[in-house]
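Residue-level listing of the chains:
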Amino acid sequence: MVWLTRVDGPTPKPRPAPRQTVLQRGKRFLPHVLVVPMGTEVSFVNEDKMFHNVFSLSRPNDFDLGLYEKGVARSRKFKEPGPVRLLCNIHASMSAFVYVVDSPWYAQADSQGRFQLRGVPPGQYVLHAWHELSAKPSTQRITVGAGLLSVSATVTADAERTAFIPDKAGRPRQEHLGY
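As the structure is a computational prediction, the values presented were derived from the model and not from experiment. (Residues numbered from 1 in each chain as written. Predicted model: local features only at pLDDT ≥ 70, side-chain atom pairs only at ≥ 80, totals over all residues. Heavy atoms only, no water.)

Draft legend 1. Molecular detail of the sheet that holds strand β13 (residues 138-144). Strand order in the open sheet made by the 4 strands is β11-β1-β12-β13, with antiparallel pairing throughout. In the strand order of this sheet, the two ends are held by β11 (106-107) and β13, each with one partner. The sheet contact formed by strand β12 (residues 123-129) and β13 spans 7 bridges and is antiparallel. Note that in β13 the partner of Gly123 across the bridge is Val144. (Pairing = 2+ DSSP bridges. Helix = DSSP H or I, 4+ residues; strand = E, 2+ residues; numbered from the N terminus.)

Draft legend 2. View of the pairing of strand β5 (residues 40-46). Within β5, 5 of the 7 residues are buried, which leaves it mostly tucked inside the rest of the structure. Here strand β2 (residues 20-25) pairs with β5 via 5 bridges, running parallel. Across the sheet, the residue bridging to Gln20 is Val42, located in β5. Examined bridge by bridge, β5 and strand β8 (residues 73-78) share 6 bridges and lie antiparallel to one another. Note on β8: the bridge partner recorded for Thr40 is Phe78. (Buried < 20%, exposed > 50% of the residue type's maximum accessible area, 1.4 Å probe, protein only.)

Draft legend 3. Representation of the nonpolar core. The biggest cluster of nonpolar side chains holds 18 residues, and the ones touching the most others in it are Phe29, Phe44, Val54, Phe63, Phe78 and Leu86. Of all the secondary structure elements, the ones that give two or more residues to this core are β4 (33-37), β5, β7 (63-68), β9 (82-87) and β10 (95-101). Each residue touching Phe29, except ones within four places of it in the same chain, is listed here: Val22, Leu23, Gln24, Asn53, Val54, Leu86, Leu87, Cys88, Met94, Ser95 and Ala96. Listed in part, the 10 residues of the second largest apolar core include Ala107, Val120, Tyr125 and Ala129. (Core = buried A, V, L, I, M, F, W, Y, C linked by side-chain atoms within 4.5 Å. Contact = heavy atoms within 4.5 Å.)

Draft legend 4. Spatial organisation of the side chain of Gln24. Relative to the helices and strands, Gln24 resides in strand β2. Of note is the side chain of Gln24, whose polar atom sits 3.0 Å from the side chain of Tyr68. Each residue touching Gln24, except ones within four places of it in the same chain, is listed here: Phe29, Phe44, Val45, Asn46, Glu47, Asp48, His52, Asn53, Val54, Tyr68 and Met94. (Polar contact = N/O pair within 3.5 Å; in protein donor to acceptor, adjacent residues only side chain to side chain.)

Draft legend 5. Quick peek at the pattern of salt bridges. The final tally for this structure, using the stated rule, is 6 salt bridges. For Lys13, the salt bridge is made with Asp102, and the minimal N-O distance between the two is 3.0 Å. Taken together, the positions of Lys13 in the loop between β1 (2-6) and β2 and Asp102 in the loop between β10 and β11 put the pair 89 residues apart, joining distant regions of the chain. Here Asp102 falls in the partly exposed class, since its relative accessible area comes to 24%. (Salt bridge = Lys/Arg side-chain N within 4 Å of Asp/Glu carboxyl O.)

Draft legend 6. Structural detail: the side chain of Asn46. Structurally, Asn46 can be placed in strand β5. Once residues within four sequence positions are removed from consideration, Asn46 is found in contact with Gln24, Phe51, His52, Tyr68, Glu69, Lys70, Gly71 and Val72.

Draft legend 7. Spatial organisation of the environment of Pro18. Within the fold, Pro18 resides in the loop between β1 and β2. Taking relative accessible area as the criterion, Pro18 reaches 64% and is therefore assigned exposed. Counting along the chain gives 19 residues from Pro18 to Pro37, while the straight-line C-alpha distance between them is 10 Å.

This is the structure we're talking about:
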C-alpha cells in the first residue's frame, strides 16, 4: 500500500472512511490487508460456524474484541497511524493487517503492484510504500504536476520474523491445541 505526505506544506488530515469490513471466513481474515485513514471504524464479521477472536498487539492500536460466534460482528475504530497485525487467539493460522494512514492520499496496490492516487494537488511529496514483509515503509520524494505521473516504488522484506505466532498475552501458543 502507498500514501503521500507533503514536503512543501502540511499534509491535510484525512476524513475517516465509511465503516469498513473484514470478514472471518474459512479461518481467514478477508481482505488480508486493508488500508484505512485515521478515525475509520472497521467491523469484524464472523461468517464461520465456529467462534473467533480478533486481537492485536500492535501498539498504540492494540485491542482485543473477545470471542464471538457466527453472525456476530464486533468493531474497532483505528485512531493512530501505522500497521496493525490482526490475529485470532483460537486459530493461529489467522493473520492479517490493517494499515492506518494519516493522509487523504492513499491507495492499496493490486496483485500486480499497480495503484492510482487521485485528486492530489501539484507539489512536492514523499511517497511511502509498505508491505507486510517490510519492517518500515520505504520512501522517496516525488513531484506531482498537472498531468499523469508514473512512479515505481520498492519495498523491503526486512520485517522481523518471530519464531512463534503469539497469543493475546504475547506468549507462544500451546502446540498441543492443534488449531
